[in-house]
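# Analysis of the macromolecular model
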Amino acid sequence: MAEVVTWTSGGAIVGRFEVTRRGFLTGGLALAGTAVLGATVGAGTAWAFDGPPITDCAGWGARPNSAVVPIWNQRPVKILVHHTATPNVTDYSQGAAFALARSIQNFHMDTRGWLDTGQHFTISRGGDVMEGRHRSLEVLRIGQRQVEGAHCTGQNIVSVGIENEGTYIDTDPTDALWTSLRTTCAYICSQYGIAPTELYGHRDFKNTACPGDRLYGMLPRLRREVAGLLGKNVEGGATQKASWPLLRPGDVGVDVQAAQYLLRDHGMTEVVPHGRYDAATADAVVAFEQATGAEDVGMLGGETWPVLARTVRSSERSEAGKAVETLAARRNAESVPDVVTRPDWQRLLGTGGSPADTSVDPVGPPR
Ligand SMILES: [Zn+2]
């Protein structure tokens, strides 16, 4: 059940593969110069999807990695979307894209001290898709193993990390970037058999604004469009995954007040539950994050909420019980179960999944 596929570059055949039903590639690749590969793998096979052209590390002029890239004998099970938090440049050229890839690698190796670029793939605002960490592309083409990344602690051996150039707090990505992001995600999903609903933002797992409020808000659309590219049906609700609100200094409201009760519940009784994310609240959040080994940035996001929002009896006379009461009062039409667990907290906070699920839980051992 194999077919032969050839890969071309500049009109010359540079590779020849046998493609099995699962998209498993065998064969050799004779590359010279810039290695921009089209992803025309296995037309007519069960999982086939033509991904975008992806430029490998040699193609954008990467430095060698400083140590061996660890590769795990398992498939990733999800994709994490990031933004680079760099300026929203208007130079959409490939040269600018390659320069971005080099600057990220320099930053990760020279400042962070990592062995190579942290993420597996990078997409420029012009829509160029590039390999990030060495071997990520080669391993993706085969679709069996996982390059260990350095893009999200706890997720680096179970997820593929994609950095999208720009800052998407209050601006949408360019059409070119969006188009490349969805085709890249669809290709990764098809190579590894990842469900198109298993696309997440960095903030689902860490206390960070990444990938920005706007791009994060586009993830249900991304899941839907990736499913469409793969010819899969996903019910509308399935694209809305359970998550947590991201609270930041300056925020005001019932979610903040609930968080303040929960901080008090964990012994931080100096926090006043007035619903304003003031300096004292930020200090308490940082202290709580430090005590629990989380990123201590003073924001309250997907890493710290699950630790803070403990299982509680709704009738419990405790600060956590008051948090439940506060949230339930806002959503007065909804009943509160006797025992409030993680999906209930998410529903009360307005970030529940539909249907309710707990699949944002990290998979595998934290690293
Ligand atoms: Zn990120």
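Report on the accompanying structure. Remember, predicted model here, so these are calculated numbers, not experimental data.

Helix and strand content of the protein: 11 helices and 14 strands. Burial analysis of the protein (367 residues in total) assigns 51% to the buried set. Taking contacts inside the protein between residues at least 6 apart in sequence as the whole, the part at least 24 apart equals 65%. Of the roughly 15400 Å² that the protein leaves accessible, carbon and sulfur atoms contribute 52%.

An α-helical turn contains 3.6 residues, so a residue and the one three or four places further along point in the same direction. Buried within helix 6 (residues 219-229) are the following residues: Leu 219, Pro 220, Leu 222, Arg 223, Val 226 and Ala 227. Projected down its long axis, helix 6 carries its buried residues within an arc of 160°, all on one side. Contacts from the buried residues of helix 6 go to strand 7 (78-83), helix 4 (175-192), strand 12 (199-201) and helix 5 (213-217). Just past helix 6, the residue Gly 231 takes up positive phi, approximately 70°.

Counting 33 residues, the largest nonpolar core has Ile 79, Phe 121, Ile 162, Leu 181, Cys 185, Ile 188 and Leu 222 as the members making the most contacts within it. Counting residues per element, the ones that place at least two in this core are strand 7, strand 8 (121-123), helix 3 (136-142), strand 11 (159-164), helix 4, helix 5 and helix 6. Ranked by residue count, the leading element in this core is helix 4, at nine residues. Apart from the residues within four sequence positions on either side, Leu 181 is in contact with Ile 123, Ile 162, Asn 164, Leu 215 and Leu 222. Listed in part, the 29 residues of the second largest apolar core include Leu 263, Ala 282, Trp 305 and Leu 327.

Another aspect to go through is the coordination of the zinc ion. With distances of 2.0 to 2.2 Å, the protein atoms coordinating the zinc ion are His 82 (ND1), His 202 (ND1) and Cys 210 (SG). Within one chain, the residues donating to the zinc ion are spaced in sequence as H-x119-H-x7-C.

For the rest of this paragraph, the subject is the side chain of Asn 207. Among the structural elements, Asn 207 can be located in the loop between strand 12 and helix 5. On the basis of relative accessible area, Asn 207 is assigned to the buried category, the value being 1%. Reaching out from Asn 207, the side chain makes a polar contact with the side chain of Glu 289 at a distance of 3.2 Å. A polar side-chain atom of Asn 207 sits 2.8 Å from the main-chain amide nitrogen of Gly 301. Not counting residues up to four positions away in its chain, the partners in contact with Asn 207 are Glu 289, Ala 294, Glu 295, Val 297, Met 299, Leu 300, Gly 301, Gly 302, Glu 303 and Thr 304.

Time to look at the pairing of strand 11. Here strand 11 lies mainly inside the structure; six of its six residues are buried. The alternating pattern of strand 11 places Ser 159, Gly 161 and Glu 163 and Val 160, Ile 162 and Asn 164 on opposite faces, both of which are buried. Where strand 7 meets strand 11, six bridges bridge the pair, whose relative direction is parallel. In the strand pairing of strand 11, His 82 is matched with Glu 163. In terms of strand pairing, strand 8 meets strand 11 through three bridges, oriented parallel. Bridging across to strand 11, Phe 121 finds its partner in Ile 162.

Of all six residues in strand 7, six are buried, a share of seventy percent or more. Residues Lys 78, Leu 80 and His 82 line one face of strand 7 and the alternating positions Ile 79, Val 81 and His 83 line the opposite face, and both faces are buried. Both strand 7 and strand 12 contribute to a ladder of three bridges, which runs parallel. Looking across to strand 12, one finds that Leu 80 is bridged to Tyr 200.

How each quantity is defined
Residues numbered from 1 in each chain as written. Predicted model: local features only at pLDDT ≥ 70, side-chain atom pairs only at ≥ 80, totals over all residues. Heavy atoms only, no water. Helix = DSSP H or I, 4+ residues; strand = E, 2+ residues; numbered from the N terminus. Buried < 20%, exposed > 50% of the residue type's maximum accessible area, 1.4 Å probe, protein only. Contact = heavy atoms within 4.5 Å. Areas by Shrake-Rupley, 256 points an atom, 1.4 Å probe, with all protein chains shown as cover. Arc of directions from axis to C-beta. Core = buried A, V, L, I, M, F, W, Y, C linked by side-chain atoms within 4.5 Å. Donors = N, O, S within 2.8 Å, 3.2 Å for Na, K, Ca; no water. Polar contact = N/O pair within 3.5 Å; in protein donor to acceptor, adjacent residues only side chain to side chain. Pairing = 2+ DSSP bridges.

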